Amino acid sequence: MEKNKISIITVVKNGMPFLKTSIKSFKMQTYINKELIIVFAPSQDGTEEYLNTINDKNILVKKDIISKTKFGSINLGIELSNGKYFGLLHADDVFYDENILKNVSNAFKKDINCVYGNVLFTKKNNLKSINRVWKSKKFKKNNLKYGWMPPHTSLFLEKNFYLEKNKMYNELYPISGDYYFILKILNDSKINTNFIDQYITIMRDGGDSTKLGNILQKFKEDLKIAKLFYNRYFICIIFKIFQKIFQIKIVKKKITSDYLNDLEKELN
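All figures in this text were calculated on a predicted structure; none of them were measured in a lab. (Residues numbered from 1 in each chain as written. Predicted model: local features only at pLDDT ≥ 70, side-chain atom pairs only at ≥ 80, totals over all residues. Heavy atoms only, no water.)

With that settled, consider the overall build of the chain. Assigned secondary structure in the chain consists of nine helices and 10 strands. Computed over C-alpha atoms, the radius of gyration of the chain comes to 18 Å, within 12% of the 18 Å expected from 2.2 N^0.38 for 268 residues, which places it in the range of a compact globule. Along the three orthogonal principal directions, the C-alpha set of the chain runs to about 50 × 40 × 35 Å. Going through the 268 residues of the chain one by one, you find that 53% of them count as buried. (Helix = DSSP H or I, 4+ residues; strand = E, 2+ residues; numbered from the N terminus. Rg over C-alpha atoms; globule rule 2.2 N^0.38 Å. Buried < 20%, exposed > 50% of the residue type's maximum accessible area, 1.4 Å probe, protein only.)

So this is what it looks like as structure tokens:
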């Protein structure tokens, strides 16, 4: 068995039916020393009933009736986790292939406490139909001032580093809590990163930050967050908007594999 356990945190509310593919994606990982922590909020679509049917020693299910936002639930999931490293898998996303956790584990070489990569975006109802690609690059701290950031869902951290530095997600930012977390993590002088130039996750369209009604709130939250770290915070956020043009490419392509075929069977 692999030496270091990797914990995956999934937070969900009304996550059916795509939650099934996320869990299947975790189960199909060839890396054996793993666990999935599922933290769910009260739901009305059968999510809780489905989670109650899960009987897997590598999966822990916990109901969260305290947290006000998904970021509070993520904090709870990390607190419950037992792995040396942890990462997130949103309830409607999947890992790119069955070897992701193995590759991430190999990337945590000596003194590395943060690993990240690239992500793909796909149509909500078709994992094989890719419409955007988020390509990242090697970390340079100064780039953060100009709006650059790695994909949040590709990021894995050493749990001890996270705990020692008190890097909690902040529920004051219900839309941009991930941006706050990334700036807090990557501005730390003790961070040692390793960028792996490969796809980590496939994300379905329709995240909170992309919804039209949340765009203005996200902009306001981003400004407040950037102000905590930089004097020229407005410039930082303007550049952040333009950075997306260079980081996220619009594409139209199809991908296929036995792995993706197996995932899609969960929806049939």
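Quick look at the nonpolar core now. Core analysis: the biggest nonpolar cluster contains 42 residues, and Tyr179 and Leu186 have the highest contact counts within it. With 39 residues, the next largest nonpolar core counts Ile6, Leu19, Leu36 and Ala91 among its residues. (Core = buried A, V, L, I, M, F, W, Y, C linked by side-chain atoms within 4.5 Å.)

Taken as a whole and judged by the stated rule, the model has 13 aromatic pairs. Here the aromatic rings of Phe71 and Tyr169 are separated by 5.7 Å at their centres, their planes lie at 10°, and the arrangement is stacked. Here Tyr169 lies in the loop between helix 5 (159–164) and helix 6 (177–186) and Phe71 lies in helix 3 (residues 70–80), a separation of 98 residues in the sequence. Phe71 sits in the buried class, given a relative accessible area of 1%. Accessibility expressed as a relative area gives 5% for Tyr169, which makes it buried. Pairwise contacts between aromatic rings join Phe71, Phe86, Tyr162, Tyr169 and Phe181 into one cluster. Lying over the aromatic face of Phe121, Arg132 brings its terminal NZ or CZ to 4.1 Å of the ring centre. (Phe/Tyr/Trp six-rings, centres within 6.5 Å; stacked < 30°, edge-to-face > 60°. Lys NZ or Arg CZ within 6 Å of the ring centre and 35° of its normal.)

Attention shifts here to the environment of Asn160. Relative to the helices and strands, Asn160 resides in helix 5. A relative accessible area of 47% places Asn160 in the partly exposed class.

Shape is all these values report; function is a separate question.
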